[in-house]
Amino acid sequence: MAFDIASTQAWPAAVAEPARRARHASTREFLQAAITDTYRGRIALVSSFGTEAAVLLHLVASIDRATPVLFIDTLKLFPETLRYRDLLTARLGLSDVRTIHPDAARLAQDDPDGDLWRRDPDHCCAIRKVEPLTRALAGFDAWINGRKRFQGGARAALSPVERADGRIKLNPLADWSVEDIDGYFAVHNLPRHLLEADGFTSIGCMTCSAPTLPGEDRRAGRWRGQGKTECGIHLALTPPPRGEE
């Protein structure tokens, strides 16, 4: 019987190593059903190549290395992130990583001096991330991302399956814990983002990312002091259709 990608019954609580291995295995099964069956040829992975990105990239590569991977280069990323993209692409054998850039004319019009992030960070994210991703997703019926409930905020009640802007959005790591993530890195000997050693636990643009302090939320360094917690690509959501809750 085919694996039901809407099911959450195969996501056991990470209370011991055997349960963690079961969680890893069931997540792969969830992704395999989506990539090779339900949305075959119509699905992409959107990755920031951030601190936890290697886990989902590895899972997807283990299923189909030709799965399109959409990477938004805002032109304000850390050089370390670009190097990490290249390292993981080569290490995992990813054959369709698409680096997407903001529209040059849009930047010239709305952010000619490159300091929009200071004055209006929401608009900066809109023209550097949201609009480029919207264009890049044209032609896909579904996309995969790596959000998790432990990241807090609006993500605390995250569902494995959502409908957003006319597409299905899959959150296969929704109920993974920090221990699940670290365990997967260890088991598969995956390289870490270079900036983790400097205290970065969540990494976006250079202008809006900072190290976190002990005891802080893992995303506390994003847009620090600005009252902003999301770039915008995950905000336009509608409830999933019946049967996909």
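Preceding this paragraph is the structure being described.
Note that the structure is a prediction, hence the values are computed from the model and not measured. (Residues numbered from 1 in each chain as written. Predicted model: local features only at pLDDT ≥ 70, side-chain atom pairs only at ≥ 80, totals over all residues. Heavy atoms only, no water.)

Draft legend 1. Region of the structure containing the nonpolar core. If you look at the biggest cluster of nonpolar residues, it comprises 36 residues, and the most contacted ones within it are Leu 31, Leu 57 and Ile 144. Of all the secondary-structure elements, those providing two or more residues to this core are helix H1 (17-38), strand S1 (43-46), helix H2 (53-63), strand S2 (69-72), helix H3 (79-92), strand S4 (142-144), strand S6 (167-170) and helix H7 (178-187). Per element, the largest residue contribution to this core is 9 residues, and it comes from H2. Once residues within four sequence positions are removed from consideration, Leu 57 is found in contact with Leu 45, Ser 47, Phe 49, Val 69, Leu 88, Leu 92 and Leu 94. (Core = buried A, V, L, I, M, F, W, Y, C linked by side-chain atoms within 4.5 Å. Buried < 20%, exposed > 50% of the residue type's maximum accessible area, 1.4 Å probe, protein only. Helix = DSSP H or I, 4+ residues; strand = E, 2+ residues; numbered from the N terminus. Contact = heavy atoms within 4.5 Å.)

Draft legend 2. Up close: the sheet that holds strand S3 (residues 97-100). Read from one edge to the other, the open sheet built from 6 strands follows the order S3-S2-S1-S4-S6-S5, with strand pairing classed as mixed. Looking at which strands have only one partner, the edges of the open sheet turn out to be S3 and strand S5 (161-164). In this sheet, neighbouring strand axes are inclined to one another by 30° on average, regardless of whether the strands run parallel or antiparallel. For S5 and S6, the ladder comprises 4 bridges, and the chain directions are antiparallel. In the sheet register, Val 161 faces S6, and the bridge partner there is Leu 170. Sheet strands in contact with H2 are S1, S2 and S4, and its direction is about 155° off that of S1. (Pairing = 2+ DSSP bridges. Axes fitted to C-alpha atoms, helices over the stretch in contact; angles between N-to-C directions.)

Draft legend 3. Highlighting H3. The end-to-end C-alpha distance of H3, which contains 14 residues, comes to 20 Å, matching closely the 20 Å that a straight helix rising 1.5 Å per residue would cover. For H3, the complete set of buried residues consists of Thr 81, Tyr 84, Arg 85, Leu 88, Thr 89 and Leu 92. Down the axis of H3, the buried side of the element spans an arc of 130°, and every buried residue falls inside it. Next to the buried residues of H3 lie H2, S2, S3 and H7. Just downstream of H3 lies Gly 93, where phi reads positive at about 70°. (Expected span 1.5 Å × (residues − 1). Arc of directions from axis to C-beta.)

Draft legend 4. Representation of the environment of Val 130. Here Val 130 lies in helix H6 (residues 121-136). Accessibility expressed as a relative area gives 24% for Val 130, which makes it partly exposed.

Draft legend 5. Inspection of H7 at higher detail. Listing the buried residues of H7 in full gives Asp 180, Ile 181, Gly 183, Tyr 184 and Phe 185. Asn 189, located one to two residues past H7, shows a positive phi value of around 50°.

Draft legend 6. Layout of the pairing of S6. Burial along S6 is two-sided: the face carrying Arg 167 and Lys 169 and the face carrying Ile 168 and Leu 170 are both buried. The turn linking S5 back onto S6 is made up of 2 residues, and Asp 165 within it adopts a positive phi angle of 55°.

Draft legend 7. Seen up close, the pattern of salt bridges. Throughout the structure, instances matching the rule amount to 11 salt bridges. Glu 52 is the partner of Lys 148 in a salt bridge, and the nearest nitrogen-oxygen pair spans 2.8 Å. A residue pair is termed long-range when its members are at least 10 positions apart, and Lys 148 in the loop between S4 and S5 and Glu 52 in the loop between S1 and H2 qualify at 96 residues. With respect to class, Lys 148 is no different from Glu 52; both count as buried. The closest approach of N and O atoms between Arg 147 and Glu 162, which form a salt bridge, is 2.6 Å. You can see Arg 147 sitting in the loop between S4 and S5 and its partner Glu 162 sitting in strand S5, a full 15 residues away along the chain. Neither residue differs from the other here; Arg 147 and Glu 162 are each classed as buried. Where salt bridges share partners, they join Arg 106, Asp 110 and Glu 131 into one cluster. (Salt bridge = Lys/Arg side-chain N within 4 Å of Asp/Glu carboxyl O.)

Draft legend 8. Representation of unusual backbone geometry within the structure. Unlike most non-glycine residues, Phe 49 shows phi in positive territory, near 55°. Take Phe 49: it is sitting in the loop between S1 and H2.

Draft legend 9. Quick peek at the packing of aromatic side chains. Applying the stated rule across the entire model yields 3 aromatic pairs. Seen in terms of ring centroids, Trp 176 and Tyr 184 are 5.9 Å apart; in terms of plane orientation they differ by 50°. Their pairing is tilted. Note on accessibility: Trp 176 and Tyr 184 belong to one class, buried. A cation over a ring is seen here: Arg 192 above Phe 185, with NZ or CZ 3.8 Å from the ring centre. (Phe/Tyr/Trp six-rings, centres within 6.5 Å; stacked < 30°, edge-to-face > 60°. Lys NZ or Arg CZ within 6 Å of the ring centre and 35° of its normal.)

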